[in-house]
Amino acid sequence: MNDDHLLLFKTIFEQTPVSTQIFTPHGDTLFVNKAWEKLWNIKFSKVKHYNILKDKQLVETGTMPYILEGFRGEVVQLPVIRYVPSKTIAIKGAIPYLWLQGNMYPIRTNGSISHIVLQHEDITHRMDADEQIYRLAAIVESSDDAIISKTLQGIITSWNHAATTLFGYEPEEAIGKHITLLIPKELHSEEDKIMNKLGKGERIHHFETTRITKYGKRLTVSLTISPIKTANGTIIGASKIARDISMQKQSAQQLKENEERLRIALEAGEIGVWDWNIANNKLTWTDNVYKIHGVKKDNFEVSFENFARLLHPEDKIAAQTQIEESIKKQRPFVAQFRIITPSGDTRWIATKATLSVDDAGRPTRMLGATTNITHQKQIEQDKSDFLS
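The numbering scheme is per chain: residues are counted from 1 as the chain's sequence reads. Reporting of local features is limited, given that this is a predicted model, to residues whose pLDDT is at least 70; pairs of side-chain atoms are given and counted only at 80 or more, and all residues count toward the totals for whole chains, interfaces and linings. Note that water and hydrogens are dropped before the side-chain values are worked out from all heavy atoms of the structure.

## Examining the environment of Gln 336
Part 1 of the argument: By the secondary structure assignment, Gln 336 is in strand S14 (residues 333-340).
Part 2 of the argument: Burial here depends on accessible area, computed with a 1.4 Å probe over protein chains only, as a share of the maximum for the residue type. Under 20% is buried, over 50% is exposed, and the range in between is partly exposed. The partly exposed category is assigned to Gln 336, whose relative accessible area is 46%.
Part 3 of the argument: Remark: the alpha-carbon pair of Gln 336 and Trp 36, spanning 300 residues in sequence, is separated by 93 Å.
Part 4 of the argument: The criterion used for residue contact is that any of the two residues' heavy atoms lie within 4.5 Å. When residues no more than four places from it in sequence are discounted, the contact partners of Gln 336 are Trp 348, Ile 349, Ala 350, Ile 373 and Lys 377.
Part 5 of the argument: Whenever a nitrogen or oxygen atom comes within 3.5 Å of another N or O atom, the pair is scored as a polar contact, on the condition that within protein one atom can donate a hydrogen and the other can accept it, and that pairs from neighbouring residues in sequence are kept only if both atoms are in side chains. Of the polar contacts made by the side chain of Gln 336, one reaches the side chain of Lys 377; its length is 3.1 Å. Numbering of helices and strands runs from the N terminus; a helix is a DSSP stretch of H or I covering at least four residues, while a strand is a stretch of E covering at least two.

Structural data, given as structure tokens:
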């Protein structure tokens, strides 16, 4: 190689944007170019004693057999490798890792191998992006919620396993179809409103609506819908998370109906329910308890102290003693006593309550029912007066 050719080679070597490293036939590093130093964030002076054939990391990753082929004079495309510089060279400032794809080829002089060239392509961003995509795909596929994506025109583009479980359609039956496949006809206008909001970049949270399965069954679902954006912020579609809340809604409705039945029963029997949190001394009454005690909900502050003020003077000590005994001996509270209402009426009250304790045996709550037995007591008194 004459001087002109040598100068040309060095210029190309230094100016090429591809990370390039040249080795002796024995594996010692002979040269690296500027692109190599930039890629690895390491100066050549720090690695001039590096011998690729002694790199244990290449052995551990299974790359060494390919390296050896290159040193035997073969042109080799190396497998993708995740390389951690700090495992080989302890240098401050070195990058944490690189995903690399490389090629090796020999340079021959007078028929013999004089140098080995190794060129690296940095594919870290691509591999990290792929890894993130695979991770997200795994999360989507393993989710218990139906996750569906669609274009701005409403065409379904992805469909996870939970979507099949919920709606009955296999991916090949749903992908490519319009999202109205799942929407009852009378709610088709709902989709236009949703897409209008998504087009403005808005998210839709916990939107309760009705959707229909492959078999015609209607489901009450909660939808969370978000726009899908490109790297530059352009909205290209939407992702939809659907959760079946049919049983939840049915349970809530049943609970509401049961509470209404209980309310009617309590009112018919003139029974009030009270709850005393002993730990924080908070007492709560249902509406009937207010009626029984002759007080109004909007101007009577419920507390144990205010309740005690309503007790008849002749019954106050006995009633308070019974409550204290119930707590002390951890037994149900059963009592009958008189109260004097703010209007001056005397009423007989019967109450029965259970006591709850914590794991340490400390009383925490007393839950009871109260009823007005004034009429019953009057009958008993009239009967007694008649017999006497």
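## Quick word on the sheet that holds strand S13 (residues 282-285)
Part 1 of the argument: Pairing between two strands is assigned when DSSP locates at least 2 bridges connecting them. What the 5 strands build is an open sheet, ordered S13-S12-S16-S15-S14; its pairing is antiparallel. Edge positions in the sheet fall to S13 and S14, since each of these pairs with one other strand and no more. Neighbour-to-neighbour, the strand axes of the sheet open up by a mean angle of 25 degrees, direction not taken into account.
Part 2 of the argument: With 9 bridges joining them, strand S15 (residues 346-357) and strand S16 (residues 363-372) adopt antiparallel strand pairing. Across the sheet, the residue bridging to Leu 355 is Met 366, located in S16. To get an axis, a line is fitted to the C-alpha atoms, and for a helix only the part in contact is used. The angle between two axes follows their N-to-C directions and goes from 0 to 180 degrees.

## A closer look at helix H12 (residues 316-329)
Part 1 of the argument: One less than the residue count of a helix, multiplied by 1.5 Å, gives the span that helix is expected to have. The terminal C-alpha atoms of H12, which comprises 14 residues, lie 20 Å apart, in line with the 20 Å expected from a rise of 1.5 Å per residue.
Part 2 of the argument: Taken as a whole, H12 has its buried residues at Ala 319, Ile 323 and Ser 326. Viewed along the axis of H12, the buried residues span an arc of 60 degrees, placing them on a single side of the element. Of the exposed residues in H12, those oriented more than 90 degrees away from the buried face are Ile 317, Glu 324 and Lys 328. To obtain the arc, one takes the directions from the helix axis to the C-beta atoms.

## Side note on the sheet that holds strand S11 (residues 235-244)
Part 1 of the argument: With antiparallel pairing, the 5 strands of this open sheet are ordered in space as S8-S7-S11-S10-S9. Each edge of the open sheet is held by one strand with a lone partner, namely strand S8 (156-159) and strand S9 (204-212). For this sheet the average axis-to-axis angle between neighbouring strands, irrespective of direction, equals 30 degrees.
Part 2 of the argument: The strands touched by helix H8 (residues 188-199) are strand S7 (146-151), S9, strand S10 (218-229) and S11; relative to S9, the strand with the most contacts, the crossing angle is about 155 degrees.

## A word on helix H4 (residues 64-71)
Part 1 of the argument: Of all the positions in H4, only Met 64, Ile 67, Gly 70 and Phe 71 are classed as buried. Angular distribution of buried residues about the axis of H4 spans 110 degrees; they occupy a single face of the element.
Part 2 of the argument: Looking one or two residues past H4, Gly 73 carries a phi angle of roughly 105 degrees, positive in sign.

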